[in-house]
Every structure is written in C-alpha cells, then in structure tokens.
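This is what each chain is made of:
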Amino acid sequence: MSHTKASRALLSGNEAIARGAWEAGVTVATGYPGTPSTEILESARAYADDIYCEWSPNEKVALEVAAGACLAGARTIVTMKHVGLNVAADPLMTLAYIGTVGGLVVCVADDPGMHSSQNEQDTRHYARFGKVPILEPSDSQEAKDFLKLALEISETYTTPVLLRSTTRVSHSSGAVTLGERRPAVPLPGFQKNPQKFVPVPLHARPMRDRLEERLAALAAAANTSPANRIEWGDRSLGIIAEGIAYQYVRELAPEASVLKIGWVWPFPDELIREFAAGVRRLLIVEELDPILEEHVRSLGIACEGRNLVPGIGELSSDRLAAALGKSAPTASFKIDEDLPARPPVLCPACPHRGIFSALGKFDVVVTGDIGCYSLGVFPPLKRIDTILCMGGGISMAHGMQKADEKRADKSRTLPRVVGIVGDSTFFHSGITGLLDIAYNKGAATIIVVDNRITAMTGHQEHPGTGRTLLGEDTITATVEDFGRACGIKNIATVDPYDLKEATETIRKALESDEPWLIVARSPCPLYTKKSVGPARRVDQELCKKCKACLRLGCPAIEWANDEIRVNELLCGGCTLCEQVCKEGAIAIAAAGACHE
Amino acid sequence: MSKTTSIVMVGVGGQGILLATQIAARAALIMGFDVKTNEVHGMAQRGGSVMAQIRFGEKVYSPLVPEGTANVLASLERIEALRFASFLAPDGVAVVSRQAIIPVTVSSGQAKYPTDAEDRLRKTFRRLAYIDAVGVAERLCDTRVANVIILGAMSAALDLPVECWKEAIAQCVKPRFKDVNVSAFEEGKRLAVSV
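Predicted model, so just to flag it, every value in this text is computed and none were measured.

Colleague: Teacher, can you tell me more about the confidence of the model for chain A here?
Modeller: Should the pLDDT be low somewhere, the predicted coordinates at that spot are not to be read in detail. Looking at chain A, the pLDDT average stands at 95 and 98% of residues meet or exceed 70. Between residues 1–5 of chain A, whose pLDDT stays under 50, and residues either more than four places distant or in other chains, the model counts eight contacts.

What follows is the structure, given as structure tokens:
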C-alpha cells in the first residue's frame, strides 16, 4: 500500500469523461442536462480556461453547435441522456454522412433500471441506425481513456462517435490516473468544400457510398482496438461482456475466459470468431437489448445469452450469478415487510406544491412533463395524469382538448385540460407546442411552473435564468414574452405560494374559451439555499386534526402518535400549510438554541 | 472478492449521503486502495429512500455490493437500516442514527411508521451501534454534520487510519466547515467505541 500519487484521483465516470475531454484538447463542449449525464458538462466547467462550455436549450441544438465547431476544426463533445439523443437524432443521422473535421464525440448516458428516466432505451441501436461507431467504458478510468480514443477514431475516420455510459458508470467513482492536456493544435478554421459539407441529393449520394466504405474500415479497426481484448482463462466457458457487465463478470468468474468489448459497433467480428473458436461454451452478457447476441448468432456462432441473462433492468453480480453457474451470496438479515414506503417527493417549501394544491380544487385532466413536478403524480397530490416526453405536456393538452371538441357524444361535459411544464422544459421544447395551441386555435390552459433553474437534474442554468453554464450574466428569456410572441392573449403571472391568487387565476383560465398561459414563478429553495420564511409549528390546542395540511404531501408535516407536527429541521416556511389550516393552528415557530 | 471491503450507506434524500460516500471513498483511496462507489443522483434524491455504496481493496471490479456481503451498513435514518438490512454480511456492523423521518406515505395515511423501531433494530442486527447523531450534531450547533457523525461511528468498524479520514474530510468540505466536520467525525467514533 502506498499513499496516493498526485496523478491519481477519485473521479466519477462523468468527471472522468470531462477530464478526458480536457486532456484530449477539446475546446468546445455542449449539452443539455439529463440524469445520469449531467455532471460531464458541470465538471468540464472546471476547465473553462481551455474549453468553451454551454448548456444549450436542448440536445438537438447542442449537437448542431458542436457540429459547427467540429467543422471549424475543433475537438468537441456533446452530452445528454439517452432520451436526449432522440431529440438530437436528426442532426446525428446526417452528420454521419457529412463526417467530421475536428473530433466529435456524443456522450450519451443510458439508465438501465430507470433510476431517473421514463424509459430504458438502449443507445447502442443508434450506432447501427446512424451508422456511427460506439464505445462503451466499464469504469471511470476507461471513461477517460475511451473518450480520448473516441476523439481519435472520430478524426481518423471523419465520423461522429458515440460514447455510451450507463448510470453505474456515470455515477460510480473510481481511481483514475490523470494525464496532461494535449499541446494546442492550430485550428484550421472552416475550409469550404460543398461536395463534403452540403448534402443536397447530388452530394449526398456519393456521401452515402463513402459512409459504407468508412464503416468497413471501422469494422476492421475494431478488431485491433485496445478497447476490445481477449483475456484467456478456463476455456470451458467463454463470456463476451461489454460495458459495466464486464466488471460483474470479472467479479463473479475471475477464472473464466472473457472477450471484453469496449468498441461495441461496428462489431469486432474477427475477435468474436477467434474467441468463440477457443472456448467450449459461449455466453453473451450485455445489459438491455440482445444486440451483440443477435449479431454473434448472425455470424453462425452458437451462443447463450438472453436465455440466462435478464434483459430488463440493470445487471449486477447478484443477477448474473445463476447465469454464470455461481451461487449468489444470500442475505442473512431479513427485511421487514411492513415498512412504510418512502418514494421521492416534492421537497419542503417546493413552489410546485402550491400549484398542485390549487389544481386540486378543480376537476381537470393534467398533462404533465419531465421535471421535479412529475412527482405531483403521487398521493396525496395526484395531480398529474399523463407524462410523455420533454415538451409533451403542452402539445398533449392541445390534442386532448381538440379530441374533446370533436367527440360525438356531447351529452356530458368533459373535464378541461391543463398542461404543466417547467421553465427549462419550456425552453427545451415547449415553445413549439404553445405556438401550435395559438396557431391552431386551441383552448388548453398551460401552466409553466418556473422555479428559475433546471431543478431535477441538480440545478443547471438555462436561457431563463440570466446566467450561462460558465456563470456569466446574460439575457433572461421569459416565458411570458414567448407566450406573447406565439400569439397567446391571456397570460398571467402568479406567486405559487399564494394559494388564493393561484386558484382564482386557474379558475379564470378554465372558465375561458381561449388558451391561457399561467406562469407560476418562484425560485427553487433548494437552489437559493434560503428558506421562503421562518419555520412553522402546529399549535396542538388549536389543531382539530382535519388533516388539510397533510394533503399537501409536504415531508416537513408529519403525522405520528396521533399528532400533526411540523418538522422544523425540514420546514422551509412556505406558509402553504398555514393557508390551508382553517383553525389558525399553524404559525411561525420560535427559533432554536443554535439560531440567532 | 473476499478481500474487498463493502460499505452500504442509506438514508433519506437530502441527508448528505453523497458527501459521506465521497469522504469514505477518499479515505480508502488515500490509504492506497482501489476504490469504487456507486451513488444516487436525480429524481431519487428528492426525499426518497436512498442508498450509496463504497467498495475498496487491492482490486475492485463491480461498484455494486452484493446482498449479504456488506461489512458495514450505515443508516442516517432509523427504519432505513431495516429496509436495507439484506445487504449486511452475517458478521457485519450496523451503524444507525436514531433520527426518524416520517415518510409522506405515513402522513397521508397510507402506511404506519413502526413505533418499535429500536426493538426491531436490536432483534435484526447482531452488531449494532444506535446513535443519537442529530442530538450530537445539535450540540455542535450544525445539524448538517449528522452524516459525518455516522461516518465517525462507522470508521470504528473499518480498518482505515484516522489520518486518512481527516485528510478525506479536508478534501471534501469547504475549509470553513472542516473543523466542525472533524469534530463530528471524532464524536461519532467515540460514540461507537463506547457502544
């Protein structure tokens, strides 16, 4: 055991990717926040002297900005979560035809197990779909090394490259050996070449041919890449493992022969054949879809895989033990089955709670969106009825309202539709939906819960906050201005902590035949790190235990031992409980000993 | 695999599990071990049950602690230790804060919070340090350091020198919070030894 050297650091996979970008001489980094990818760009900000970093309004813009920088010769990275790549798919598909000048790596973080996502899509499909190579690191050290390797592949073969991480790579920390930054390379600037950069059909057809030639060259290179390697061991069982699955396999079966695949597509066919020929039984271990397994079979090689390895949710050594013929360690301590569930909830003093509480007074359908406010689906609030995708809360509200207009059975009145999106989501992809409502004469009510930050992913700036990722002051885009520009005539701004104002505004909007845009604006207290007001306390003599305050679903209000109490350690003083208490039993608490 | 030390830290989102995880991982790294952690970010952070894990040893492959193998289960909330009990090895140590945080599912009448948590903990865990971390933190006039008090208590069951822990704390907290966190760590360590 020796003490750590200065060049060794504990980095998460995301921090390691950012470090790799810096070491590799990247000068432009863009992205949109999304768990589990967010910390890549946040960490890149530490290298702001060398790297221009920006939160773009959405992933499509981020990739287009990076494409421009790359065609000007810069090494660039773009970061997003898996569903963000759907948004950025359009530029990716054609950038693959055009190719790159400076290296361009799209860092995409998948979320097997859906820890913080609405679906479990497997980004590896995009590699084949878009005809671009994809690398997949299995720990922090590889995250850094593969980012650099991906940039080299991108420049050598003039192709964008995908770097697929997963939650367990992005959010695991491990020891990483640090390197220095590559010496600066003179930037050539954009060199005009319409045959290469302008894919009008006349040019796109030869590009299409060149793309296939490039893929053949990439497939050959994958066989000799340091990202793919055979580790010979006991030949009775050979395991092909990729990404984080390699670590689980190695932990469980240190004796087995393993083909570790880090360059996932185009597949390293020669290596696969060599490995398969050298083992008696072949098992494919990959997380999510059986992409590698199906390919191995297509080579005429018999193998096992999905018949033994789960394809839903994330893998672990526990879940793989049986497939590898190992006994999983068993729990010796039993879990109590009657423990109360503790799902994630809106924080104490969250401004969204005021809007959900106000909405609780109306019989409406609420189309929700992606953000903290999606937590409004859970009891006791239960004020979200659908969620689809970023921006979908606005457009779906319009669609439901139009469907209701055209229904054959007019004998009963259907509930009105309210769409809810957050501020960052509005700027990401809500504006076009709002424009659609105004343009196509919709009548939905849209509430933008504007807490002045991208909150769910851990507080990132966006065009409405007045600051850039680099912390510089900038323009402050406002939801109301966009609403007016779209042609929405009824626009109201409310304080979400003022229940009466919020309720009356929503009532007015629902009684109208026209579209309304309500902006509920108050900053996220977790971000400002300030209480909204002093902590509250329940006067037990006045409390009639009507539980109106408990219906706010505030984690600071506790029901225990037949008593309702405010946990003053948690309370943010938002006053919503005080406003809903008809007995006047809730008021400011006295300060504790450590407070001034 | 048997040489890998595994720690599971659990609690409620917002209690400072991430910081505690980083400190423990750095302490192991400073000692010269290979280290891996896994952490929880994003949606799960918001007041829900959270778990983070730290593994260290000569060579660590998986960042995930298999069930039944953790050397230490540290819980910042009393019933969360029961929820994640299955991770602890038969001879493992449970370090549990007495703090009770009532879930919204209880307050909204969907479930009940156990009134006999301490009994259950004592019945469940053979080796238990049950600690009033919030009470100690209040005496230190900073309730936020309850997580580091639990770290201190947990350190008594781990083979890492106290200097590594202190250096790790210095690396992970802002300079002006270093002293209170070091005091919190020492208080926790003292409490666990006296249990």
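Read on for the rest.
Colleague: Help me understand the pairing of strand β20 (residues 557–560) of chain A in this model?
Modeller: The side chains of a regular strand alternate, residue by residue, between the two faces of the sheet. All names here are of chain A. Two elements, β20 and strand β21 (residues 563–566), share four bridges in a ladder whose sense is antiparallel. Across the sheet, Glu-558 pairs through a bridge with Arg-565, a residue of β21. Linking two consecutive strands that pair antiparallel, namely β20 and β21, is a turn of two residues; a positive phi of about 50° is found at Asn-561 within it.

Colleague: Looking at this structure, I do not really get the environment of Leu-414 of chain A. What am I missing?
Modeller: Residues and elements named next belong to chain A. Here Leu-414 is to be found in the loop between α16 (392–405) and β15 (416–422). The class for Leu-414 is partly exposed, based on 15 C-beta atoms found within 10 Å. Sequence separation between Leu-414 and Ile-394 is 20 residues; the distance between their C-alpha atoms is 19 Å.

Colleague: What should I look at first to understand the packing of α16 of chain A against helix α17 (residues 423–439) of chain A in this one?
Modeller: Helix-helix packing is described using two parameters, namely the angle between the two axes and the distance between the axes. All names here are of chain A. The contact between α16 and α17 brings their axes to 7 Å, and the two run at 20°. Classified by the angle between their axes, α16 and α17 sit roughly parallel to one another. Crossing geometry of α16 relative to α17 is assigned as left-handed. Contacts between α16 and α17 pair Ile-394, Ser-395 and His-398 from the former with Gly-430, Gly-433, Leu-434, Asp-436 and Ile-437 from the latter. Split by residue class, the contact of α16 with α17 holds three nonpolar, four polar and one charged.

Colleague: How do you make sense of the sheet that holds strand β6 (residues 134–135) of chain A when you look at a structure like this?
Modeller: Remark on secondary structure: sheet strands pair via backbone hydrogen bonds, oriented parallel or antiparallel. Residue and element names in this part refer to chain A. What the seven strands build is an open sheet, ordered β3-β2-β4-β5-β7-β6-β12; its pairing is mixed. The outermost strands of the open sheet, each flanked by one partner alone, are β3 (52–55) and β12 (263–265). As judged from the six bridges shared by strand β5 (residues 104–110) and strand β7 (residues 161–166), these two strands associate in the parallel manner. Bridge pairing in β7 places Cys-107 opposite Leu-163. Along the sheet, helix α3 (residues 59–71) makes contact with β2 (28–31), β4 (76–81) and β5, crossing β4 at roughly 170°.

Colleague: Sorry, what's going on with the domain arrangement of chain A here?
Modeller: When the parts of a complex come together, some accessible area is lost, and that lost area is often used as the size of the interface. All names here are of chain A. Considered domain by domain, chain A is made up of domain 1 (8–180 + 194–222), domain 2 (228–320), domain 3 (352–528) and domain 4 (536–588). Averaged C-alpha coordinates put domain 1 and domain 2 at centres separated by 24 Å. Across the contact, 24 residues belong to domain 1 and 20 residues belong to domain 2. Among the elements of the structure, α6 (124–130), β6, α7 (140–156), α8 (167–170) and α10 (201–222) are those that each provide at least two residues to the side of domain 1 that touches domain 2. Of the residues belonging to the side of domain 1 that touches domain 2, the class tally is twelve nonpolar, four polar and eight charged.

Cut-offs and rules
Residues numbered from 1 in each chain as written. Chains lettered and ligands numbered in written order. Predicted model: local features only at pLDDT ≥ 70, side-chain atom pairs only at ≥ 80, totals over all residues. pLDDT = per-residue confidence, 0-100. Contact = placed C-beta atoms within 7 Å. Pairing = 2+ DSSP bridges. Helix = DSSP H or I, 4+ residues; strand = E, 2+ residues; numbered from the N terminus. Buried ≥ 20, exposed ≤ 12 C-beta atoms within 10 Å, placed from the backbone. Axes fitted to C-alpha atoms, helices over the stretch in contact; angles between N-to-C directions. Parallel < 35°, antiparallel > 145°, perpendicular 65-115°, else oblique. Left-handed = near helix turned anticlockwise from the far one by under 90°. Nonpolar A, V, L, I, M, F, W, Y, C, P; charged D, E, K, R; others polar. Domains from an automatic or database assignment.

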